[in-house]
Amino acid sequence: MRLPVSFYARPALTVARELLGTHLIVEEGGWRRVGRIVETEAYVGEHDLACHAAKGRTARTEVLFGPPGRAYVYLIYGMYHCFNVVTDVDGVASAVLVRAVEPVEGLPEKARTDGPGRLCRALGLTLAHNRWDLQDRALHLSPGEPVPEAQVERGPRIGVDYAGAWALEPYRLWVRGSQHVSRPPARRRRERS
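What counts as what
- Residues numbered from 1 in each chain as written.
- Predicted model: local features only at pLDDT ≥ 70, side-chain atom pairs only at ≥ 80, totals over all residues.
- Heavy atoms only, no water.
- Helix = DSSP H or I, 4+ residues; strand = E, 2+ residues; numbered from the N terminus.
- Rg over C-alpha atoms; globule rule 2.2 N^0.38 Å.
- Contact = heavy atoms within 4.5 Å.
- Areas by Shrake-Rupley, 256 points an atom, 1.4 Å probe, with all protein chains shown as cover.
- Core = buried A, V, L, I, M, F, W, Y, C linked by side-chain atoms within 4.5 Å.
- Buried < 20%, exposed > 50% of the residue type's maximum accessible area, 1.4 Å probe, protein only.
- pLDDT = per-residue confidence, 0-100.
- Salt bridge = Lys/Arg side-chain N within 4 Å of Asp/Glu carboxyl O.
- Pairing = 2+ DSSP bridges.

Caption draft 1: Just the overall build of the protein chain, in detail. For the protein chain, the count of helices and strands is four helices and nine strands. Helices and strands in the protein chain line up, N terminus first, as α-α-β-β-β-β-β-α-β-β-β-β-α. The C-alpha atoms of the protein chain give 15 Å as radius of gyration, which agrees with the globular expectation for 193 residues (16 Å, within 12%). Its C-alpha atoms give the protein chain principal-axis dimensions of roughly 45 × 45 × 35 Å. Excluding contacts between residues fewer than 6 apart, the proportion of contacts in the protein chain whose partners are at least 24 apart in sequence is 61%. As displayed, the protein chain has an accessible area near 9,300 Å², and 52% of this comes from carbon and sulfur atoms.

What follows is the structure, given as structure tokens:
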């Protein structure tokens, strides 16, 4: 069962929270790979200086302006793919970056999925998937076990320091205790040292 378009046609922060626990599924070339989403990041519109749409509508960002329920896949540092789902309504440029998944089915043994580039590599997601309708059999999301609010942590987004105060917004959400989260909160890293 696929998540309906109505699931995505809501504000990015709401979708980011509700994506936790859902399954990201890629079925291509005779294989099926499934990951349970454990970390997301919301990008809430053109006014959000961390959002790619902050610089306006371009060939790259056109997909962010809708319709909801499409894939937005881009390349960073010329080598890492990042998978996002387009959210909200037509004309509102917002999306949710899927930052980490827990392997569920079909992923290569020892594949790391703790980070957007790693999960894309493990699931086989590339620029070829950009703009795909997430109702497609080959790339879609399905309901999973809901994550109780008590298990959800929130903090600032990662790698968007250029966005000033927008970088500090608590728009990164993750499942507490997951071993597949891309980066633990800073205070916990210090405590482990």
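Caption draft 2: Broad picture of the nonpolar core. Core analysis: the largest hydrophobic core is formed by 36 residues, its most contacted members being L19, L24, F83, V85 and L141. Excluding residues that lie within four positions of it along the chain, F83 makes contacts with L24, A71, Y72, V73, V96, L97, V98, C120, L125, L134, L139 and L141. Core analysis: the second largest hydrophobic core is formed by 17 residues, A50, C51, A53 and L64 among them.

Caption draft 3: Expanded view of the confidence of the model for the protein chain. Overall, the predicted model of the protein chain reaches an average pLDDT of 93, with 95% of residues at or above 70. Below pLDDT 50 for its whole length, residues 187–193 participates in four contacts with residues either more than four positions away or in separate chains.

Caption draft 4: Spotlight on the pattern of salt bridges. Summed over all chains, the structure comprises 14 salt bridges. The salt bridge partner of R137 is E27, with a shortest N-O separation of 3.3 Å. Taken together, the residues R137 in the loop between β6 (135–136) and β7 (139–142) and E27 in strand β1 (residues 23–28) connect sequence positions 110 residues apart. Look at R137 and you get exposed, because its relative accessible area is 55%. Since its relative accessible area comes to 17%, E27 is described here as buried. Taking the shortest distance from any N to any O, the salt bridge between R172 and E39 comes out at 2.6 Å. Within this pair, whereas R172 is found in strand β9 (residues 172–175), its partner E39 is found in strand β2 (residues 31–43), the two being separated by 133 residues in sequence. In terms of burial, R172 and E39 fall into one category: buried.

Caption draft 5: Region of interest: unusual backbone geometry. Cis rather than trans, the peptide bond between G66 and P67 has omega equal to 5 degrees. The residue P67 is located in the loop between β2 and β3 (71–76) in this model. Phi is positive for Y77, which is not a glycine, with a value near 55 degrees. Here Y77 falls in the exposed class, since its relative accessible area comes to 69%.

Caption draft 6: Region of interest: the pairing of strand β4 (residues 80–86). Taking burial as the measure, the seven residues of β4 include six buried ones, the bulk of the element. Where β3 meets β4, six bridges bridge the pair, whose relative direction is antiparallel. Across the sheet, V73 pairs through a bridge with F83, a residue of β4. Taken together, β3 and the strand that follows it, β4, pair antiparallel across an intervening segment of three residues, in which Y77 is found at a positive phi of about 55 degrees. Bridge count for β4 against strand β5 (residues 95–105) is three bridges, and the pairing is antiparallel. Looking at β5, one finds that V85 is bridged to V96.

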